[in-house]
Amino acid sequence: MAAVLSYTFSGMTMLLLHYLPGPIERWQLLLTLNLVALLPLVGKQVWSNIPHTDTGYLPTISVSTLLLYFLIIAMPLALRLTNLNYSEFQGDEALAMISAAESLTGHEDALFLRSKGPSELLYPMTMWTLTGTVTEAIARLPFTLASMWGILTIILLGQRILIPPLTESRFAVTVGTLAGGFFAFNGFMVAFGRIVQYQALVVWFSSVALLLLLVWQQTGQKRLAFVSGLSLGMGLLAHYDAILVLPALVWIVTVVTVKPLLKQGGVAMLRQAPYLSSGLFMLGMLMTSLPFYLPYSLDPQANRTGEYVGNRIGDSLRNNLPDFFHFNSFYSSFYYIVLTTLLIFAWALWKVCFSKDKQTDQHRVEKSAWVINSLHFDPVLFAKLVQWGRYTLGLLLTLGILFILMRPDGLDFNFFGGHGFDDWSLAFLPFALLLLGLFLQLPFGSVTQSIVVWLAVPFLGYNFVVALGLTHIYTIVPAWSLLSGLALYEFSLLLQQHAGRLSPSIQRGLATLLPPNGYLLPAILYLLLTVFLWNSFVRHDVEYWQDYPAGEMALFWTPYKEPPKAGFFGFAHRAGWKAVGQQISMGELQGDYGSNEEPDVTTWYTRGAPRACDPQPEFYFLADDLIDPVELPTDIIETSYQTVRQFDLSNGKNMRVKQLTPIRLEPRQTDETDETDETALAVLFDQSATPEQFARSVRGAIPISVNFANLIQLVGYDIDTQRATPNGRLPVTLYWQALTSIPANYQVFTHLEKEDTGLVAQADGVPVCWQYPTDLWRPGQIIADQHAIPLSVDIPLGDYPLQIGLYLPDTFERLDWLDEAGNPAGNSFHLTTVTISE
């Protein structure tokens, strides 16, 4: 609870400071957080009067249990912290950090320009404000810690899975330990603990919300319901994936509400319904989520986010299980996903169809007495029919699940072709029936029932409903781990109970190997998974993903010959981008550029240097390690460019800088002995990594103020004339600011023209390399718009006015620019004069 409240206060403080006008200052954050920290001391007398109720037992923990706890805490911590600063930011991380920089420097709309919650910005912003400069490790640390808190939360949840008759304290500790281990050594949880993204926050806050509501269910402490609501609200601030835990939370409240009805009748239910606790839960959730989502719902970006989510969900039922197993095999190993899948579904089938529970069978007979009497059935025969019905159902479900796994398209709805159902699949059916049967079979109101609901919603949703689930299947991991731990425990106990006929030495071996008394099996499993995960996420002499399949280990077989097509997070990679960025900052690499890496990454590391739209920029930055490769004109690069810088990296890769010929820099290759090698430049890059260096703005530009029809203002420009020669090019960056919502999509023109010669060169197009139409611009937003005017080989030498403006592409109607009095002064603005020389 202390950790959750710490994250809550820190995140909400930064969110509220963002709403204040101007940049966020360090003193503001320090003052606010210290005042919050002093509140408990000021109100000590008040807090001391609140009666304390025990939130649960503290079970006796053996030495072997403590050793296993150490294993599932120390090793996952090493997997998440080691080399945390090695990998450069990926595209989503870079976008988050750019938005964080803009928010810190006073851009009021920075949090609203995204299709996700703000938490993945708020915590790096907090760290950045406190430290002054940022590195990858500093930005990622809050998510690493959240991932570790998630492990402890899953352990605590596992401790509360108490299913009669297995109620001894050792059982609870064991299930928590096993579940915490499956969670700690899951590849998704390691990956998302190593990046600036929302997933670790969603998992942790969702788990805490469920844990605290379960404790509230058992103890009735209303403040736990309130903190549970706070936690869910913080999860929603991270991403809307957090809503997937809500059905499980609603079920817990339903159980608390309905149980008095089952015992004492409707009047008692109305009298004892948890109105206050439910209200406190809702209050906590709204206190944390509304400060962002209320203003966001009134913002135009909300509609775009709704369209984005709608496209991701799709409009038909499908079967994404092949992707589910592919992703899990790649992230966690094929052995992990096969073992946990077998454990969960075998345990579910056993519970639903094959377990021999005399009390349950007798309860069914008693509840069906009126059917038995009316049909004159023998009660004993009826009980046998029920049992054989369960066996038959189990056999059918088993065959159905195996059929789907071996033939993913086996239940496609093609026979409805022509009626709008030709792309639908019934693959969800056996899984939905199994989960429903498991839910109904478990004791009413049990912890395990809530966890089954928690698993069912994301498992069925992302595997059979959502069109593009990709790595969002991470939402399954908490409940998946809990049920895996429970299944391993129960099967281990069952095996030992039936080992009485074996020799004493074998019985002792099983007792040492298997829970509840033995920890050898889970310890071996966790050590094997540590090897796989270390190779995948920490090792960087050979990079698992980038060098696949060379990065595979022979010990871990997989049926997949290729990685998934998309969705790579947290894997080791280093391209040398900081060396390039620092040389740009030092003035070594002046001019626009192209790259084989996606713009999100390069925008961060070049600190907003202009990225060219045309195929002949001044430089090409060519990385060996790529996140999202961009196709390049290799023929032009080979014939018109020469390598002027090459940075050799410790992973055996290199970063090459190629310049347009004739080159203007002296070619140089750096290695680890050079003072300007990649490592030394990376240190200098980090030392100057203040928010102002990364926020998109008009820094470095020639300031100007030109109002176009009270819609758009030109606030600055950059121009590069070093190749203003025949057969050269003229890069121009225009910095626009939207004055209001723009109703139409205007294109920008940049012309070199004279009255006597007319138009001699031009570059027209949709702003930002045809990527950002004006009707999407937000009022107040500054947009850096790159253009490159190609100069023909026979262009006459001399001075040319550079005319710029905006027009509608359908009618070629131009926007007028206004003079100081607000009157139209023309539809083409003379920006500057360019000299074309040899």
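To be clear, the structure that these remarks concern was listed above.
Definitions and cut-offs
Starting from 1, residues in each chain are numbered consecutively following that chain's sequence as written. Whole-chain, interface and lining totals are the exception, using all residues; otherwise, since this is a predicted model, local features are given only for residues with pLDDT of at least 70 and side-chain atom pairs are given and counted only at 80 or more. Side-chain numbers come from the whole structure's heavy atoms, not from hydrogens or water. Strands are runs of DSSP state E lasting at least two residues, helices are runs of H or I lasting at least four, and both sets are numbered from the N terminus onward. Only protein chains enter the calculation, and the probe is 1.4 Å; a residue is then buried if its accessible area is under 20% of its type maximum, exposed if over 50%, and partly exposed in between. Any two residues whose heavy atoms approach within 4.5 Å are treated as being in contact. The patch calculation keeps residues exceeding 30% relative accessible area without a salt bridge and links them within 9 Å when they carry like charges or within 5 Å when they are nonpolar (Val, Leu, Ile, Met, Phe, Trp, Tyr). The Shrake-Rupley method, run with a 1.4 Å probe, gives the accessible areas here. Residue values count only the displayed protein chains as cover. Whenever a carboxyl oxygen of Asp or Glu lies within 4 Å of a side-chain nitrogen of Lys or Arg, that contact is scored as a salt bridge. Pairs of strands are assigned from DSSP output, requiring at least two bridges between the strands. Here an angle of 0 to 180 degrees is reported between the N-to-C directions of two axes, which are lines fitted to C-alpha atoms, with helices fitted over the stretch in contact. Roughly parallel means an angle under 35 degrees; roughly antiparallel, over 145; roughly perpendicular, 65 to 115; everything else is oblique. We call a crossing left-handed when the near helix sits turned anticlockwise from the far one by less than a right angle, and right-handed when that turn is clockwise. Classification used: nonpolar for Ala, Val, Leu, Ile, Met, Phe, Trp, Tyr, Cys and Pro, charged for Asp, Glu, Lys and Arg, polar for all others including Gly. N or O atoms within 3.5 Å of each other form a polar contact, as long as, within protein, one can give a hydrogen and the other can take it, and as long as residues adjacent in sequence are counted only when both atoms are side-chain atoms. The rule is short: rings of Phe, Tyr and Trp, with Trp giving its six-membered ring, pair when the centres are within 6.5 Å, and they are stacked under 30 degrees, edge-to-face over 60, tilted in between. Joining through side-chain atoms within 4.5 Å is the link that ties buried Ala, Val, Leu, Ile, Met, Phe, Trp, Tyr and Cys residues into a set, and such a set is a nonpolar core.

**What about the overall build of the protein?**
Item 1. Looking only at helices and strands, the protein has 30 helices and 15 strands in total.
Item 2. Evaluated residue by residue, the protein yields a buried proportion of 53% over its 838 residues.
Item 3. Taking the intrachain contacts of the protein between residues at least 6 apart in sequence as the baseline, contacts between residues at least 24 apart amount to 75%.

**Overview of a nonpolar patch on the surface**
Item 1. A surface patch of nonpolar side chains, about 680 Å² in accessible area, is lined by Trp 27, Leu 31, Leu 35, Leu 38, Leu 41 and Val 42.
Item 2. One can find Leu 38 in helix H2 (residues 26-42).

**Brief notes about the sheet that holds strand E8 (residues 729-738)**
Item 1. If you walk across this open sheet you meet the six strands as E11-E8-E7-E6-E13-E14, and the pairing is antiparallel. Because the sheet does not close on itself, it has two edges, and the strands there are strand E11 (782-790) and strand E14 (824-826).
Item 2. Pairing between strand E7 (residues 712-719) and E8: seven bridges, direction antiparallel. Looking at E8, one finds that Ile 719 is bridged to Val 732.

**Quick notes on the pattern of salt bridges**
Item 1. This model, assessed by the stated rule, comprises 17 salt bridges.
Item 2. Residues Lys 653 and Glu 543 are paired through a salt bridge, measuring 3.4 Å at the closest nitrogen-oxygen approach. Of this pair, Lys 653 sits in the loop between strand E3 (641-648) and strand E4 (654-660) while Glu 543 is found in the loop between helix H25 (520-538) and helix H26 (577-585), placing the two residues 110 residues apart along the sequence.
Item 3. A residue is classified by how much of its surface remains accessible, and Lys 653, at 13% relative accessible area, is buried.
Item 4. One salt bridge in this structure joins Arg 574 and Glu 678, with 2.9 Å as the shortest N-O distance. Of the two residues, Arg 574 is situated in the loop between H25 and H26 and Glu 678 in helix H29 (residues 678-687); the sequence distance between them amounts to 104 residues. Glu 678 shares its class with Arg 574; the two are buried.

**Structural notes on H26**
Item 1. Most of H26 is tucked away, with eight of its nine residues classed as buried.
Item 2. Residues of H26 that are buried: Trp 577, Lys 578, Ala 579, Val 580, Gly 581, Gln 582, Gln 583 and Ile 584.
Item 3. One or two steps after H26, the chain reaches Gly 587, where phi turns positive at roughly 85°.

**Here's the deal with the environment of Phe 439**
Item 1. Along the chain, Phe 439 turns up in helix H21 (residues 428-441).
Item 2. Measuring from C-alpha to C-alpha, the distance between Phe 439 and Lys 351 comes to 9.9 Å, with 88 residues separating the pair along the chain.

**Here's the deal with the sheet that holds strand E9 (residues 747-754)**
Item 1. On the basis of which strands lie adjacent, the open sheet formed by four strands has the order E10-E9-E12-E15 and antiparallel pairing. Looking along the sheet, the strands with just one partner apiece sit at the ends: strand E10 (758-765) and strand E15 (829-836). Each adjacent strand pair in this sheet contributes to an overall mean axis angle of 25°, direction not counted.

**Brief notes about the packing of helix H7 (residues 136-159) against helix H10 (residues 199-219)**
Item 1. Viewed as axis vectors pointing N to C, H7 and H10 meet at an angle of 30°, and their least axial separation amounts to 8 Å. The angle between H7 and H10 falls in the class roughly parallel. As H7 packs across H10, the resulting crossing turns out to be left-handed. Across the interface between the two elements, Phe 143, Ala 146, Ser 147, Trp 149, Gly 150, Thr 153, Ile 154, Leu 156 and Leu 157 of H7 pack against Ala 200, Leu 201, Trp 204, Ser 207, Val 208, Leu 210, Leu 211 and Leu 214 of H10.

**Topic: the packing of helix H1 (residues 2-19) against helix H14 (residues 275-297)**
Item 1. In contact at an axis separation of 10 Å, H1 and H14 are set at 30° when each is read in the N-to-C sense. Overall, the two elements H1 and H14 adopt an arrangement that is roughly parallel. H1 and H14 meet at a crossing whose hand is left-handed. On the side of H1, the interface is formed by Thr 8, Met 12, Leu 15 and Tyr 19, while H14 contributes Met 287, Thr 288, Pro 291, Phe 292 and Pro 295.
Item 2. Counted by class, the contact of H1 with H14 contains seven nonpolar, two polar and no charged residues.

**Regarding the pairing of strand E12 (residues 798-807)**
Item 1. Most of E12 sits inside the fold, with eight of its ten residues counted as buried.
Item 2. With seven bridges connecting them, E12 and E15 associate as antiparallel partners. Across the sheet, Gln 803 pairs through a bridge with His 830, a residue of E15.

**Observations regarding the environment of Trp 777**
Item 1. Inspection of the secondary structure puts Trp 777 in the loop between helix H30 (767-770) and E11.
Item 2. Residues Trp 777 and Leu 739 lie 38 residues apart in sequence; the distance between their C-alpha atoms is 9.4 Å.
Item 3. Aside from chain neighbours lying at most four places away, what touches Trp 777 is Ile 712, Trp 736, Ala 738, Ile 742, Pro 767, Tyr 772 and Ile 783.
Item 4. For Trp 777, the side chain forms a polar contact with the main-chain oxygen of Pro 773, separated by 3.4 Å.

**Focus: the side chain of Ser 206**
Item 1. In this structure, Ser 206 sits in helix H10.
Item 2. Setting aside its immediate chain neighbours within four residues, Ser 206 contacts Ala 242, Val 245 and Trp 454.

**Structural notes on unusual backbone geometry**
Item 1. Looking along the chain, the bond that leaves Tyr 548 and enters Pro 549 is cis, with omega of 5°.
Item 2. Structurally, Pro 549 can be placed in the loop between H25 and H26.
Item 3. Here the residue pair Thr 661 and Pro 662 is connected by a cis peptide bond, since its omega of 0° sits within 30 degrees of zero.
Item 4. Relative to the helices and strands, Pro 662 is located in the loop between E4 and strand E5 (668-670).
Item 5. In this structure, Ser 333 is a non-glycine residue whose phi angle is positive, near 95°.
Item 6. Following the sequence through the fold, Ser 333 ends up in the loop between helix H16 (321-332) and helix H17 (334-354).

**Considering the environment of Val 452**
Item 1. When you line up the elements, Val 452 lands in helix H22 (residues 447-464).
Item 2. For the pair Val 452 and Leu 442, spaced ten residues apart in the sequence, the C-alpha separation amounts to 9.5 Å.
Item 3. Apart from the residues lying within four places of it in its own chain, the contact partners of Val 452 are Leu 435, Leu 438, Phe 439, Leu 442 and Leu 483.

**Looking at the packing of aromatic side chains**
Item 1. Counting across every chain of the model gives 62 aromatic pairs.
Item 2. When the centroid spacing of 6.0 Å and the interplanar angle of 70° are considered together, the rings of Phe 685 and Phe 694 count as edge-to-face. In this structure, Phe 685 and Phe 694 share a single accessibility class: buried.
Item 3. Ring centres 5.8 Å apart and planes at 70° place the aromatic pair Phe 708 and Trp 736 in the edge-to-face group. Here Phe 708 is found in strand E6 (residues 702-708), whereas its partner Trp 736 is found in strand E8, with 28 residues between them in sequence.

**Regarding the nonpolar core**
Item 1. By size, the foremost hydrophobic cluster in this structure holds 179 residues, and its most contacted members are Phe 459, Trp 604 and Phe 621.
Item 2. Take this core: its biggest share by element is 15 residues, from H10.
Item 3. Not counting the four nearest positions on each side in its chain, Trp 604 is found in contact with Phe 89, Ala 94, Met 97, Ile 98, Trp 128, Val 134, Phe 685 and Phe 694.
Item 4. Among the nonpolar cores identified, the runner-up in size contains 33 residues, and Leu 711, Val 732, Leu 752 and Ala 761 belong to it.

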